[in-house]
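A look at the structure
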Amino acid sequence: MRHTLAVLVENQPGVLTRVAGLFSRRGYNIESLAVGETHEPTISRMTIVVDGDDLVIEQVVKQLNKLIDVIDVQDVTQAEYVDRELVLIKVNAEPSIRGEIMQIVDIFRARIVDIGYHTLIIECTGDEGKIRAIEKSLKPFGILELVRTGKIAMVRGQKYEED
Amino acid sequence: MKLTGAEIICKALEYEGVEVVFGYPGGAVLPLYDKLYDSPIRHILVRHEQGAAHAADGYARATGRPGVCIATSGPGATNLVTGIANAYMDSVPIIAFTGQVNLSAIGRDSFQEADITGITLPIVKHSYLVKDVNQLAATIRAAFHIATTGRPGPVLIDLPKDITIAQAEFEYPPQVTFRGYRVPGRCDSAQVYQAARAIGEARKPVIYAGGGVISSNAAEELREFAEKTRIPVTNTLLGKGSFPETHPLSLGMVGMHGTAYANYAVSYSDLIIAIGARFDDRVTGRLDTFAPNARVIHIDIDPAEIGKNVRVHIPLVGDVKPILKELIQRVEVPDTGEWLKQIEQWKAEYPLRYTNEEGVLKPQYVIEQIWEITRDKNAVITTEVGQNQMWAAQYYKALRPRTFISSGGLGTMGFGLPAAVGAQIGRPDAVVFDIAGDGSIQMTVQELATAVQYNLPINIAILNNRFLGMVRQWQELFNNKRYSQTEFPDLPDFVKLAEAYGAVGMRVTRSEEVRPALERAIATPKPVIIDFVIAREENVFPMVPAGESLTKMVGC
Ligand SMILES: Cc1ncc(C[n+]2csc(CCOP(=O)(O)OP(=O)(O)O)c2C)c(N)n1
């Protein structure tokens with residue numbers, strides 16, 4: 001099963017290598033990894049999606065915790081969380097079919113961020129399902145390039161009713 | 001007052017209580033060596049940087065204090081790699097200082113540049129590349145703290161040359177704080193209570209003691225615990241010395257070349273109490289048939305060891321020593337009468353055995369004699385890797401912690417001699433033996449020069465079979481005796497080799513010469529090589545073939 005880990009690390013050179021190295025050395029599969037500074041500039045946050053059974057995930061979390069530069073690891077998979085990914089897709093778009101593409105863009109509440117002679121670049125944000133769906137919808141037009149940021153995730157705040 | 005980086009390192013080492021470092025100079029560490037020249041810290045000049053790392057490792061294991069080694073950039077640093085990996089696998093606290101090219105030269109393939117923090121990433125507990133001389137003192141403090149606390153391990157500090165020349169105000173921080181490093185605190189008492197009850201209910205319990213007992217300095221507690229509960233104790237290779245192997249409750253070593261009775265006891269037990277051990281594949285054999293009826297209590301300071309290889313029912317995470325203390329208070333004493341009888345039967349039926357034949361020298365006999373002659377002495381045994389190591393593990397009954405030092409996890413041929421150098425430096429009064437093979441000794445034999453230079457009366461017992469014996473044994477058993485690249489048609493004359501180095505050499509070919517030779521060696525205040533010419537195709541038994549169940553032993 002796929003798990004989403006929220007990992008706080010020291011914002012220092014080499015930390016990404018240590019984390020990535022740990023995954024390859026111990027044979028764990030990273031599906032995606034997104035990293036960036038947090039509101040506290042000395043701390044970065046990684047969102048790691050990793051596939052494995054419970055035993056493997058338990059080991060991943062423990063091994064991550066052993067890295068000195070790792071401050072905190074949370075497996076948010078079972079928690080209520082918001083997750084987003086951003087994708088940029090460059091599609092074939094001759095003027096005659098642009099209308100059709102724009103409709104799709106509208107449906108997904110995506111945006112067109114570049115218009116070329118024969119191409120459009122579309123930006124879309126959403127959870128994994130949405131990203132996959134827009135990719136599928138645009139495929140028939142011919143996708144020329146695609147780049148994804150990897151998933152980022154955050155546990156939802158406590159709701160008033162639960163107090 | 002401002003000090004240079006090199007001076008800061010020397011001062012910091014003093015603050016850490018370091019008395020001796022093992023190293024080898026070079027361009028990138030020139031400024032450091034210049035300051036070491038005036039420092040009270042003793043520097044042992046090895047003959048190869050691998051020797052420095054192993055010596056630091058042997059020193060740490062023999063004394064319980066962290067070992068320190070130094071190498072220059074590039075090839076000096078890469079020569080440390082095997083030694084660092086060895087310390088990592090066996091959880092030994094060493095601090096490795098490596099020279100590095102100037103900060104501005106990093107990344108340009110400068111002369112003798114190697115990305116040593118990158119190269120060693122998977123084999124260190126932590127590492128630093130120092131980029132600001134103002135951080136140097138705190139970095140060293142942090143490195144010692146990390147190496148010696150929790151599950152110990154190697155820490156590397158890479159020192160760009162200009163950092164060692166630059167100046168900073170020296171202030172040694174009494175402690176450092178980490179956001180991402182916590183040593184497990186006290187173990188949850190409820191867990192201890194659960195363990196105490198499970199132990200009381202067991203009928204066939206066995207203690208499986210590893211190197212963690214020794215690094216936690218908990219041998220006394222282990223003994224008290226075992227004697228109070230009357231639970232038999234088996235130990236791993238690194239656990240040798242955690243419990244006296246002559247004790248009636250001792251089963252000796254478990255695993256691939258363990259005693260038959262230890263392997264049976266573990267396999268048929270209903271409760272395994274693992275203490276500072278990690279269920280290595282050389283111990284468990286085939287995992288899915290390992291101890292099928294046993295519940296498992298696992299005491300370890302590293303939470304990642306819990307459940308890594310086998311399912312654990314009651315984890316006790318924390319330092320072994322206080323956990324054992326608490327467990328001794330709380331434990332319910334199980335009824336192990338029947339079980340101990342069963343074990344006595346196994347011991348009687350399947351003892352470790354070999355046959356002495358007229359006119360041939362048996363390696364087991366040599367080890368027994370080394371044991372006889374050193375058992376009442378303050379002695380430290382190191383080993384190389386292969387048959388020599390396994391015979392040593394089987395026939396040298398370790399009685400006290402930090403007296404048996406061997407490369408377990410990595411299985412590094414060439415470890416024993418430099419480790420013996422480190423052990424003898426750390427324990428000048430001890431009688432030190434390196435039990436060696438003719439293959440292994442050739443991997444780091446240059447350290448004999450180190451031993452001679454510093455007058456270290458190390459005794460090197462080469463069990464000479466003119467084979468890479470352990471590999472030959474596998475070829476005999478599993479490859480139809482096709483001895484591919486395991487025979488040495490020409491070996492150096494080890495007696496002459498010893499003499500060439502300024503050490504003493506002896507050769508022993510007959511059983512009756514063993515004892516006098518050992519006595520002479522111990523009485524000699526210089527390094528000694530004894531070349532024991534042993535039965536060439538003697539095998540180590542019992543043996544659990546790789547990947548087989550523990551009970552599927554051959555040769556017992
Ligand atoms: C550095 C290294 N290279 C290779 C091996 C593989 N290996 C394990 S045991 C062994 C043979 C050791 O031969 P020797 O030192 O003569 O000891 P013996 O087994 O004959 O006692 C070899 C080659 C190893 N453990 N370490």
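Residues numbered from 1 in each chain as written. Chains lettered and ligands numbered in written order. Predicted model: local features only at pLDDT ≥ 70, side-chain atom pairs only at ≥ 80, totals over all residues. Heavy atoms only, no water.

1. Notes on the overall build of chain A
Operational definition: Going along the chain from the N terminus, every DSSP run of H or I of four or more residues is numbered as a helix, and every run of E of two or more is numbered as a strand. Each residue is placed in one exposure class: buried if its accessible area under a 1.4 Å probe, protein chains only, is under 20% of its type's maximum, exposed if it is over 50%, and partly exposed if it falls in between. Here a residue-residue contact requires only that any non-hydrogen atoms of the pair lie within 4.5 Å. In short, Shrake-Rupley with a 1.4 Å probe defines the accessible areas, and a residue's cover is counted only from the protein chains shown.
Scanning chain A from N- to C-terminus turns up 4 helices and 9 strands. From first element to last, N terminus to C terminus, chain A shows the α and β order β-α-β-β-α-β-β-α-β-β-α-β-β. Referenced to the eigenvectors of the C-alpha coordinate spread, the extents of chain A come out at roughly 55 × 45 × 35 Å. Relative to its full complement of 163 residues, chain A shows a buried share of 40%. Long-range contacts, defined here as pairs at least 24 residues apart, represent 72% of the contacts in chain A between residues at least 6 apart. With the model as given, the accessible surface of chain A reaches about 9400 Å², and the carbon-plus-sulfur share is 52%.

2. Brief notes about the sheet that holds strand E13 (residues 295–300) of chain B
All names here are of chain B. Using the following cut-off: The pairing criterion for strands is at least two bridges between them, as found by DSSP. Axis angles are defined between N-to-C directions and span 0 to 180 degrees, where every axis is a line fitted to C-alpha atoms and, for a helix, only to the segment in contact.
Taken together, the 6 strands give an open sheet; going across it, the order is E11-E10-E9-E12-E13-E14, and neighbouring strands pair in parallel fashion. Where the open sheet ends on each side, the last strands, each with one partner, are strand E11 (250–253) and strand E14 (314–317). Strand after strand, the sheet turns through a mean of 15° between neighbouring axes, direction not considered. The pairing of strand E9 (residues 205–209) with strand E12 (residues 271–275) spans 5 bridges and is parallel. Along E12, the bridge assignment pairs Ala-209 with Ile-275. Where helix H9 (residues 189–201) meets the sheet, its contacts fall on E12, E13 and E14, and the angle it forms with E14 comes to roughly 130°.

3. Brief notes about the packing of helix H1 (residues 15–25) of chain A against helix H2 (residues 54–66) of chain A
Residue and element names in this part refer to chain A. Applicable threshold: Handedness of each helix crossing follows the sense of rotation of the near helix against the far helix: counterclockwise by less than a right angle gives left-handed, clockwise gives right-handed. In this count, Pro and Cys sit with the nonpolar residues alongside Ala, Val, Leu, Ile, Met, Phe, Trp and Tyr, while Asp, Glu, Lys and Arg are called charged and the others, Gly among them, polar.
Interhelical geometry of H1 versus H2 gives an angle of 145° and a closest axis separation of 11 Å. Relative to H2, H1 is oriented so that their crossing is right-handed. The residues of H2 that touch H1, namely those facing Val-19, Leu-22 and Phe-23, are Val-60, Gln-63 and Leu-64. When grouped by side-chain class, the residues that make up the contact of H1 with H2 number 5 nonpolar, 1 polar and no charged.

4. Observations regarding the nonpolar core
Residue and element names in this part refer to chain B. Test applied: By nonpolar core we mean a set of buried residues, namely Ala, Val, Leu, Ile, Met, Phe, Trp, Tyr and Cys, connected to one another through side-chain atoms within 4.5 Å. Here the bounds of each domain stem from an automatic or database domain assignment.
Residues Phe-22, Ile-441, Ile-458 and Ile-460 are the most contacted members of the largest nonpolar core, which totals 50 residues. Take this core: its biggest share by element is 7 residues, from helix H3 (residues 49–63). Shared between two domains, this core takes at least three residues from each, and those domains are domain 1 (2–169) and domain 3 (363–533). Ile-460 has contacts with Leu-417, Asp-434, Ala-436, Ile-441, Leu-448, Val-528, Ile-529 and Ile-530, leaving out every residue within four places of it along the chain. Counting 39 residues, the second-largest nonpolar core is a separate cluster that includes Met-253, Ala-392, Ala-461 and Val-528.

5. Observations concerning the environment of Glu-357 of chain B
Note the cut-off: Any pair of nitrogen or oxygen atoms within 3.5 Å is treated as a polar contact; in protein, a donor-acceptor pairing is required on top of that, and neighbouring residues in sequence qualify only through side-chain atoms on both sides.
Within the secondary structure layout, Glu-357 of chain B lies in the loop between helix H15 (337–349) and helix H16 (363–374). A polar contact is formed between the side chain of Glu-357 of chain B and the side chain of Lys-362 of chain B, at a distance of 3.2 Å.

6. Topic: the site of the ligand
Residue and element names in this part refer to chain B. Heads up, the condition is: Only heavy atoms are used to decide nearness, and a residue is near a molecule or strand if one of them lies within 4 Å of it.
Every one of the 17 residues lining the ligand counts as a neighbour, but Gln-387, Gly-411, Gly-439, Ser-440 and Gly-469 are closest to it. Note that an oxygen atom of the ligand is positioned 3.4 Å from one of the backbone N or O atoms of Asp-438. Within the contact set of the ligand, an oxygen atom lies 2.9 Å away from a backbone nitrogen or oxygen of Met-470. The fraction of the free accessible surface of the ligand (590 Å²) that becomes covered by protein chains is 77%. Mapped by element, the contributors of at least two residues to the shell around the ligand are helix H17 (387–395), helix H19 (438–441) and helix H21 (469–478). Here the residues of the shell around the ligand sort into 7 nonpolar, 9 polar and 1 charged.

7. Quick word on the pattern of salt bridges
All names here are of chain B. Counted only if it meets this: Salt bridges are defined as contacts in which a side-chain nitrogen from Lys or Arg sits within 4 Å of a carboxyl oxygen from Asp or Glu.
Evaluation of the coordinates by the stated rule reveals 41 salt bridges over all chains. The salt bridge partner of Arg-286 is Asp-288, with a shortest N-O separation of 2.7 Å. For Arg-286, a relative accessible area of 37% puts it in the partly exposed group. Asp-288 sits in the exposed class, given a relative accessible area of 60%. For Arg-507, the salt bridge identified is with Asp-531, shortest N-O distance 3.0 Å. On the criterion of sequence distance, the pair formed by Arg-507 in strand E19 (residues 504–508) and Asp-531 in strand E20 (residues 528–533) is long-range, its members being 24 residues apart. On the basis of relative accessibility, which here comes to 38%, the residue Arg-507 falls in the partly exposed class.

8. Some thoughts on the domain arrangement of chain B
Residue and element names in this part refer to chain B. Selection criterion: Computed with a 1.4 Å rolling probe, the buried area is the accessible surface lost when two parts are put together, summed over both parts.
Each assigned domain of chain B is listed with its residue range as follows: domain 1 (2–169), domain 2 (189–349) and domain 3 (363–533). Between domain 1 and domain 2, the C-alpha centre-to-centre distance is 37 Å. Contact with domain 1, which involves 6 residues of that partner, is made by 6 residues of domain 2. Of the roughly 500 Å² buried where domain 1 meets domain 2, counting both sides, 54% is carbon and sulfur surface. For the pair domain 1 and domain 2, the interface holds 2 salt bridges. With its nearest N and O atoms 2.9 Å apart, the salt bridge here joins Asp-302 to Arg-151. There are 2 residue pairs in polar contact (both at pLDDT 80 or more) connecting domain 1 and domain 2.

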